Amino acid sequence: MAIQFNPSRGATLGVEWELQLVDRHTRRLRQDAKEVLAAVPELSESARPKAMHELMQSQIEIVTDICHTAAEAVADLSKSIDRLRDAVEPRGMSLACTGTHAISDWRDAVYAPVQRYAELVEEMQWLAWRIQTFGVHVHVGVRDRDKVIPIVNALATYLPHFLALTSSSPCWGGQDTGLASSRAIVFGALPTAGPPHLLADWTEFEEYMDTLVRAGTIRSIKEVWWDIRPHPDFGTIEIRMFDGIPTLREVGMVTALSQCLVQQFDQQLDRGYKLPRPPAWVVRDNKWRATRYGLGADVITDDQGSTAPVRDVLYELQRELEPVAERLGCADELAVMSEVLDRGGSCERQRAILAAGGSLEDVVDATIVELAEDRFVTSPPGLSAGGPGHSGT
């Protein structure tokens, strides 16, 4: 199978953000995406739609145009958010984003009226029934297809970094799971999901995809949902490891982080360096550690089993990437990493609300406030009866 890769002009960006439709009264998910999308035809019905269905009617995915900086991507998403807010608020809904919804039950979900989703549900059954999950995907352009697989392999080292920074799904169906990211488990159960296969080069990637098609495992490479994957049509590497992200600032952070890493690896290849290729067992083990503990994880740092706190590793990574971020114009967005590491990621913020005596409804209210006001909330934003919009920190 020859797979055509459409090279990008440098480390361009595209971001996909899966949003929740939350009922302001019940705090549960509303299955009204079809109605909302119909109310914003300029976003949903254009030649290149910027708002569209996802698997469940409780979610809407917004996407950016091709961008060159993280700030440009954030501004693009902000415009779509503002327009969607105009459509949802008169209907008694708010927008939010975390990897899972704290109190809604996946058995109440309604599937989107999209043929390929119906086919997915028919094929995957229970595995697909429960995918009421939300994530952020970042595409970074690559100039040369022969760089793609080495960069994907090198990025596999950073799966725990991506997930720890964004883990936001400790709760599933009204219960704290004890995990930092229940979404990583729910979505990761799909047979073609999970860490990327560490391949030698583009030819081996083509051969592997051809084998999967001949075996009937997939019908096209679009059904390979690796945590990091090549996207030949767009000419990008797509990083899919991020949990649902509740604030625009954090979306900007992971966009900057993704662009910096891809750009750094691209330049290292230009200089003749061989990129790292972590052992598969380290990739799997580290992903589990971030799934379980989030920013509290100790991650494996070499194939001898050495470990270090992921917080320390992330502080070092931020400092290492600062010169790259300066050149790319995303230093401000990358700097949000320090604030997340100091104040806590979404999972930690949600559990702080519960530890302060808040309810799961308060957690939902906090995620609504975080998206609406682009700030972190670490204490109950108000009594549950008062609804979102009360004071937080």
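Everything below is about the structure shown above.
Presented here is an overview of the structure given in this document. Values in this document were obtained by computation on a predicted structure and should not be read as measured data.

Scanning the protein from N- to C-terminus turns up 15 helices and 13 strands. Relative to the compact-globule value of 21 Å for 393 residues, the protein shows a C-alpha radius of gyration of 20 Å, a close match. Across its three principal directions, the C-alpha atoms of the protein cover 60 × 45 × 35 Å. The 393 residues of the protein split such that 58% are buried. Of the roughly 15,800 Å² of accessible surface on the protein, 50% is carried by carbon and sulfur atoms. For the protein, the centre of its 39 positive side-chain charges and the centre of its 56 negative side-chain charges are spaced 1 Å apart.

Attention now moves to unusual backbone geometry. Despite not being glycine, Arg27 shows a phi value in the positive range, around 70°. On the secondary structure map, Arg27 appears in the loop between strand 1 (13–23) and helix 1 (33–39).

We now examine the pattern of salt bridges. Applying the stated criterion across every chain yields a total of 30 salt bridges. The closest approach of N and O atoms between Arg107 and Asp105, which form a salt bridge, is 2.9 Å. A relative accessible area of 61% means that Arg107 is categorised as exposed. The salt bridge partner of Glu250 is Arg349, with a shortest N-O separation of 3.1 Å. Of the two residues, Glu250 is situated in helix 10 (residues 248–270) and Arg349 in helix 14 (residues 346–355); the sequence distance between them amounts to 99 residues. The structure contains a network of salt bridges with shared partners spanning Arg143, Lys147, Asp266 and Asp270.

The rules we used
- Each chain has its residues counted from 1, running along the sequence as written.
- Only residues with pLDDT of at least 70 are given local features in this predicted model, and only at 80 or more are side-chain atom pairs given and counted; all residues enter the totals for whole chains, interfaces and linings.
- Derived side-chain values reflect all non-hydrogen atoms in the structure, with water molecules and hydrogen atoms excluded from consideration.
- Elements are defined by DSSP. Helices are runs of H or I of four residues or more, strands are runs of E of two residues or more, and each kind is numbered from the N terminus.
- Two things to know: the radius of gyration comes from C-alpha atoms, and the globule rule equals 2.2 Å times the number of residues to the power 0.38.
- Only protein chains enter the calculation, and the probe is 1.4 Å; a residue is then buried if its accessible area is under 20% of its type maximum, exposed if over 50%, and partly exposed in between.
- Surface exposure here means Shrake-Rupley accessible area, sampled with a 1.4 Å probe, where a residue is shielded only by the protein chains that are shown.
- In this count, Lys and Arg are taken as positive residues and Asp and Glu as negative ones, while His and the chain termini are left out.
- Just so you know, the charge point we use is NZ for Lys, CZ for Arg, CG for Asp and CD for Glu.
- Only one rule defines a salt bridge in this text: a Lys or Arg side-chain nitrogen within 4 Å of an Asp or Glu carboxyl oxygen.

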